[in-house]
Amino acid sequence: MSEPIFGRLLTAMVTPFDDEGKLDLDKAKELAAHLVDDLRNDGLVISGTTGEAPTTTPREKFDLLSAVKAEVGDRARLVAGVGTNDTAASVELARQAEQAGADGLLAVTPYYSLPPQDMIVDHFVAIADATSLPVILYDIPHRTGRPIETGSLLELASHPRIRAVKDAKKDLDASSRVMAETDLQYYSGDDAITLPLMAIGGVGVVGTSTHFTGRRAHEMIDAFCCGDVAEALRLHRMLLPVFTGVFATQGCMMVKAGLAHQGVPVGACRPPLRSAPADLAGAFGELLDSTDL
């Protein structure tokens with residue numbers, strides 16, 4: 001099994017804010033170094049959903065990516081979230097990300113507008129045409145209201161810079177067909193389906209719980225790639241409560257609660273989100289403490 005373009009384990013990194021809700025670049029660099037050096041991340045997604053991209057400005061996105069690039073860019077692949085429901089804005093974010101030193105782009109299906117499939121294809125092609133960077137398509141219909149249908153993925157796979165899919169659709173039949181008929185590399189966009197997706201040809205995960213499970217999740221992936229399915233399954237089952245527990249409420253809220261519990265505070269989420277409810281935060285902290293991470 002060849003090494004995928006972005007590595008096998010990436011984390012969609014939360015965006016640290018200070019007590020006034022302003023971007024905290026020092027904390028961002030510290031967190032990025034922790035994820036890469038301590039938790040074995042091959043790469044990071046900056047300004048993804050978990051990074052609260054809808055509430056950060058283009059300038060903040062540029063500054064955040066530049067800071068993380070300076071900190072870990074020599075030892076991790078950096079993928080910039082550039083997807084919006086505005087094609088022109090997404091194209092500009094893509095160009096900005098290339099200038100800031102991104103290694104790739106993550107583009108989500110245009111949300112809210114509910115465009116037909118041919119227009120979804122045109123949106124992604126416009127982003128892929130805007131830079132020289134490889135693109136990951138983010139297929140997450142429960143957030144966007146539209147899937148990237150199989151026919152659209154087969155068409156988009158012919159673009160030389162559309163290289164991968166972050167798959168949160170949970171349609172393994174459809175994903176299996178696309179992987180069989182194209183060279184698109186499939187990353188799990190839902191931590192709990194990482195091992196099932198790899199069993200049908202997936203290459204890894206762009207995770208949320210991997211803010212905590214990174215080392216063990218990498219061991220699970222490595223075991224599977226080496227043919228030790230029993231060990232991979234053992235680790236999957238051990239980590240499953242954390243894989244799913246991080247989504248007890250919005251993932252970025254739970255991650256920030258978990259990091260605070262571990263003594264790595266990165267601030268609260270920006271409105272309309274806020275800190276996780278105390279009961280959920282406490283239960284998640286207990287779960288992290290009781291899991292062999």
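See above for the structure.
A brief structural summary.

The rules we used
Residues numbered from 1 in each chain as written. Predicted model: local features only at pLDDT ≥ 70, side-chain atom pairs only at ≥ 80, totals over all residues. Heavy atoms only, no water. Pairing = 2+ DSSP bridges. Helix = DSSP H or I, 4+ residues; strand = E, 2+ residues; numbered from the N terminus. Axes fitted to C-alpha atoms, helices over the stretch in contact; angles between N-to-C directions. Salt bridge = Lys/Arg side-chain N within 4 Å of Asp/Glu carboxyl O. Buried < 20%, exposed > 50% of the residue type's maximum accessible area, 1.4 Å probe, protein only.

## A short note on the sheet that holds strand β1 (residues 9-12)
Turning to step 1, where the next piece is worked out: Taken in spatial order, the 8 strands of this closed barrel run β1-β2-β3-β4-β5-β6-β7-β8, and their pairing is parallel. Ignoring strand direction, the axes of neighbouring strands in this sheet form an average angle of 25°.
Turning to step 2, where the next piece is worked out: Relative to strand β4 (residues 104-108), strand β3 (residues 77-81) runs parallel, the two being bridged by 3 bridges. What sits directly across from G81, in β4, is L106.

## What to know about the pattern of salt bridges
Turning to step 1, where the next piece is worked out: Counting across every chain of the model gives 19 salt bridges.
Turning to step 2, where the next piece is worked out: Between D63 and R59 there is a salt bridge whose closest N-O contact spans 3.1 Å. In this pair, D63 and R59 are both assigned in helix α2 (residues 58-72), 4 residues apart and thus about one turn of the helix distant.
Turning to step 3, where the next piece is worked out: Here D292 ties to R216 by a salt bridge, and the two come within 2.5 Å at their closest N and O atoms. Here D292 is found in the segment after α12 (278-290), whereas its partner R216 is found in helix α9 (residues 210-225), with 76 residues between them in sequence.
Turning to step 4, where the next piece is worked out: On the accessibility criterion, D292 (46% relative accessible area) is partly exposed.
Turning to step 5, where the next piece is worked out: Each of D37, D74 and R75 takes part in salt bridges that share partners, so that together they form one network.

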